[in-house]
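Single-letter residue listing:
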Amino acid sequence: MKKQLIFFVLIYGMLTSCKQESNEVKTKLKNEELLNTKTESMVITKIDSSELPKSLKYSGFIKNAVRWNDNQGENILITTETGIYTNEKFEHENDGSDAELYAYHFIVKDNELFQTWQVYDYIKDCSVDIEATFVKNTLQVTDLDKNGIAEIWLMYKKVCHGDVSPSEMKVIMYEGNKKFAMRGENKVFAGIDNNGKKQFYGGEYKFDKEFKNGSRVFKNYALNLWNKNIM
């Protein structure tokens, strides 16, 4: 009887040990998954326009203003749009309107601002429907290659048209001072053919050489962003 009791105690101990080890492995894997998720996305903080340094100059109306820290130090990014207006600096042969957009990136060092890059695009002298806007909720700050330097993702579209043709669309990404670009058109519904099948225009894109020669994780992220916002 005593031998049987010792045997059952040993079996129970082995099972308990295995269960604890299994739970430890699961916990470890879960923590690693959380860690991997966190490293792909930088912690960014929104900035109210009243909190921006007075020395920071920009054109247009602020759409987004954020800050974060990485291996470069403290970063500030703002995106702006002018909306539809008339820019006297442009030539106007058609009495049309203009629209511009900007993105500015700064590094803060010793309480001083240093601009590292700027994105600028526009439509000018448009006498029909005009647009130059950032695509909503596409501003992203990531660290996909986990090198401690943020990748900054911008997506916008611009067009001057009087029909339902596609808009020019771009994904711009910066890692440090290195620029990556994906250019093409969004997709628009064109109608239904004789067989009842929906028809679309646009949707094509091209990667620049930086994307083509860069990390696959960058191309995959850009393509995913594109497909989510293609219409």
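Look up a bit, the structure's there.
Residues numbered from 1 in each chain as written. Predicted model: local features only at pLDDT ≥ 70, side-chain atom pairs only at ≥ 80, totals over all residues. Heavy atoms only, no water.

(A) Representation of the overall build of the chain in the model. Summing up its helical and strand segments, the chain has three helices and 13 strands in all. Restricting to contacts in the chain with at least 6 residues of sequence separation, those with at least 24 account for 50%. Here the chain has roughly 15100 Å² of accessible surface; of this, 50% comes from carbon and sulfur atoms. (Helix = DSSP H or I, 4+ residues; strand = E, 2+ residues; numbered from the N terminus. Contact = heavy atoms within 4.5 Å. Areas by Shrake-Rupley, 256 points an atom, 1.4 Å probe, with all protein chains shown as cover.)

(B) Fine view of the layout of surface pockets. The computed volume of the largest pocket comes to approximately 420 Å³. Forming the walls of the largest pocket are 24 residues, and the residues nearest its centre are K63, N64, N137, T138 and L139. Listing elements by their share of the lining of the largest pocket, those giving two or more residues are β2 (61-70), β3 (73-81), β7 (140-142) and β8 (151-161). Of the residues forming the lining of the largest pocket, the biggest block, five residues, is contributed by β2. A per-class count over the lining of the largest pocket returns 12 nonpolar, seven polar and five charged. (1 Å grid on protein atoms, 1.4 Å probe; cavity = no way out; pocket = protein on both sides within 12 Å on 5 of 7 lines; lining within 4 Å. Points joined across faces, edges and corners; volume = space filled by probe spheres on them. Nonpolar A, V, L, I, M, F, W, Y, C, P; charged D, E, K, R; others polar.)

(C) Fine view of the sheet that holds β3. Across the sheet, five strands lie side by side as β1-β2-β3-β4-β5; this open sheet has antiparallel pairing. Here the strands that pair on one side only, and so sit at the sheet edges, are β1 (45-46) and β5 (112-126). Pairing of β2 with β3, which is carried by nine bridges, proceeds in the antiparallel orientation. Each bridged residue has a counterpart across the sheet, and for W68 the counterpart in β3 is N75. (Pairing = 2+ DSSP bridges.)

(D) Here's a closer look at the nonpolar core. Counting 23 residues, the largest nonpolar core has W68, L77, W117, V119, L154 and I172 as its most contacted members. Elements that contribute at least two residues to this core include exactly β2, β4 (97-109), β5, β6 (129-134), β8 and β9 (168-175). Of all the elements, β5 adds the most residues to this core, at four residues. In contact with V119, not counting residues within four places along its chain, are L101, Y102, A103, L154, Y156, I172 and Y174. (Core = buried A, V, L, I, M, F, W, Y, C linked by side-chain atoms within 4.5 Å. Buried < 20%, exposed > 50% of the residue type's maximum accessible area, 1.4 Å probe, protein only.)

(E) The arrangement of the pattern of salt bridges in detail. For the coordinates displayed, the defined rule picks out six salt bridges. Note that K158 is salt-bridged to D121, the shortest N-O span being 2.6 Å. Here K158, found in strand β8, pairs with D121, found in strand β5; they are 37 residues apart in sequence, far enough to count as distant. With respect to class, K158 is no different from D121; both count as buried. Measuring nitrogen to oxygen at the nearest pair gives 2.9 Å for the salt bridge that ties K170 to D121. Placement of K170 in strand β9 and of D121 in strand β5 is noted, with a sequence separation of 49 residues between them. With respect to class, K170 is no different from D121; both count as buried. Shared partners join several salt bridges into a network, and the residues in it are D121, K158, E168 and K170. (Salt bridge = Lys/Arg side-chain N within 4 Å of Asp/Glu carboxyl O.)

(F) Quick look at the packing of aromatic side chains. Across all of its chains, the model carries 15 aromatic pairs by this definition. Here W117 and Y174 contribute two aromatic rings whose centre-to-centre distance is 3.9 Å and whose plane-to-plane angle is 5°, an arrangement assigned as stacked. Here the residue W117 occupies a position in strand β5, and Y174 occupies one in strand β9, the gap between them amounting to 57 residues. Like Y174, W117 is buried. Measuring from ring centre to ring centre gives 5.6 Å for F180 and F218, while their planes differ by 75°; the resulting arrangement is edge-to-face. Of this pair, F180 sits in strand β10 (residues 178-185) while F218 sits in helix α3 (residues 216-228), and the two are 38 residues apart along the sequence. Its relative accessible area of 2% is what places F180 among the buried residues. Judged by its relative accessible area of 3%, F218 falls in the buried class. Put simply, the rings of W153, F180, Y205, F207, F211, F218, Y221 and W226 pair up and form one aromatic cluster. We note K158 situated over the ring of Y122; from NZ or CZ to the ring centre the distance is 5.9 Å. We note K187 situated over the ring of F200; from NZ or CZ to the ring centre the distance is 5.7 Å. (Phe/Tyr/Trp six-rings, centres within 6.5 Å; stacked < 30°, edge-to-face > 60°. Lys NZ or Arg CZ within 6 Å of the ring centre and 35° of its normal.)

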